[in-house]
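# Overview (structure and organization)
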Amino acid sequence: TPANLWSALASPPDFSVRTAAMLVNAMRQHGLARVIAVSAAGVADSAARMNLLMKFFVAKSNVGIGYRDLAAMERVFADSGLDWCCPRPTRLTRGPLTRRVKIAESFPMTAGISRADVAWWMLEQAAQLIRERIALPHRGARKRSMRDSLDLRFLYRVDTVHLIGFGQDESEER
């Protein structure tokens, strides 16, 4: 783990996108159709919802390299034709497993969710048939499909989703 946000990178800058491409190829070869991979709140289309401090870190530190890599990873899954979901957590904590997770559209600066709850949520989603999932409403009244993305502290249940710890906002409980 790097000592700070400006330390030398600990992995290649395209690690996630390269891994996603290899995973998609292997899944196609073996007839697998469902993948769930963690992304981060503020990646891709959720960047506009980041607070000013996070926008600074993404613009001026190695956080931006990781976020660009995660956005490219999400595009690989989106273009793959697979059933996919990329939860986008915000601040991950070392808190206990509570099994109380909310899916949210926005994420305040203080938003957080335990790693245990994110892992639990992902395993729950992997165990369900994606076609049985309920599309969540998205701003603008358009329904999002499972092929939308996720953010943590806010997890969306569509290709991308934001996950937050329970009781953090008015979003639907899952």
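The paragraphs below set out a description of the structure included in this document. Here the structure is a predicted model, which means the values were calculated and not measured.

## What to know about helix α4 (residues 115-127)
- The end-to-end C-alpha separation of α4 is 18 Å, in line with the 18 Å expected for 13 residues at 1.5 Å each.
- Restricting attention to buried positions, one finds in α4 the residues D117, V118, W120, W121, M122 and Q125.

## Looking at the side chain of S39
- The topology assignment puts S39 in the loop between β1 (34-36) and α2 (52-60).
- Leave out the neighbours within four places in its chain, and S39 touches L70, M73, E74, C86, P87, R88 and P89.

## Topic: the pattern of salt bridges
- Tallied over the full model, the rule gives 3 salt bridges.
- As a salt-bridge pair, R18 and D14 come within 3.2 Å of each other at their nearest N and O atoms.
- Classification of D14 by relative accessible area gives partly exposed; the value is 30%.
- Residue R88 pairs with E74 through a salt bridge whose shortest N-O separation is 2.5 Å. Here R88 is found in the loop between β2 (83-87) and β3 (91-93), whereas its partner E74 is found in helix α3 (residues 63-79), with 14 residues between them in sequence.
- Look at the salt bridges and you will find they share partners, linking D45, E74 and R88 into a network.

## As for the nonpolar core
- Judged by nonpolar contacts, the single largest core of 22 residues is most densely connected at V35, V43, Y67, M73, F77 and C86.
- Of all the secondary-structure elements, those providing two or more residues to this core are α1 (15-29), α2, α3 and β2.
- Of all the elements, α3 adds the most residues to this core, at 6 residues.
- If near-sequence neighbours (up to four positions away) are discounted, V43 is found in contact with Y67, L70, A71, E74 and R88.
- One finds V101, I103, I113 and W120 within the second-largest nonpolar core, a separate group that totals 8 residues.

## Focus on α1
- Its 15 residues place the ends of α1 21 Å apart at the C-alpha level, agreeing with the 21 Å of an ideal helix rising 1.5 Å per residue.
- The inward-facing, buried residues of α1 contact β1 and α3.
- Positive phi shows up at G31, right after α1, with a value of about 70°.

## Some words on the packing of α1 against α3
- Look at α1 against α3: their axes get within 7 Å of each other, and the N-to-C directions meet at 20°. Here α1 is positioned roughly parallel relative to α3, judged by the angle of their axes. With respect to the hand of their crossing, α1 and α3 are arranged in right-handed fashion. Across from F15, S16, V17, A20, A21, L23, V24 and R28 in α1, the residues of α3 making contact are D69, L70, A72, M73, V76, F77 and D79.
- Residues of the contact of α1 with α3, tallied by class, amount to 11 nonpolar, 1 polar and 3 charged.

## Some words on the state of the cysteines
- Applying the stated criterion across every chain, the model contains 0 disulfides.
- The structure places no disulfide on C85, whose sulfur is separated from the nearest cysteine sulfur, that of C86, by 6.8 Å.
- By relative accessible area, which is 0% here, C86 ends up buried.

Cut-offs applied
Residues numbered from 1 in each chain as written. Predicted model: local features only at pLDDT ≥ 70, side-chain atom pairs only at ≥ 80, totals over all residues. Heavy atoms only, no water. Helix = DSSP H or I, 4+ residues; strand = E, 2+ residues; numbered from the N terminus. Expected span 1.5 Å × (residues − 1). Buried < 20%, exposed > 50% of the residue type's maximum accessible area, 1.4 Å probe, protein only. Contact = heavy atoms within 4.5 Å. Salt bridge = Lys/Arg side-chain N within 4 Å of Asp/Glu carboxyl O. Core = buried A, V, L, I, M, F, W, Y, C linked by side-chain atoms within 4.5 Å. Axes fitted to C-alpha atoms, helices over the stretch in contact; angles between N-to-C directions. Parallel < 35°, antiparallel > 145°, perpendicular 65-115°, else oblique. Left-handed = near helix turned anticlockwise from the far one by under 90°. Nonpolar A, V, L, I, M, F, W, Y, C, P; charged D, E, K, R; others polar. Disulfide = S-S within 2.5 Å.

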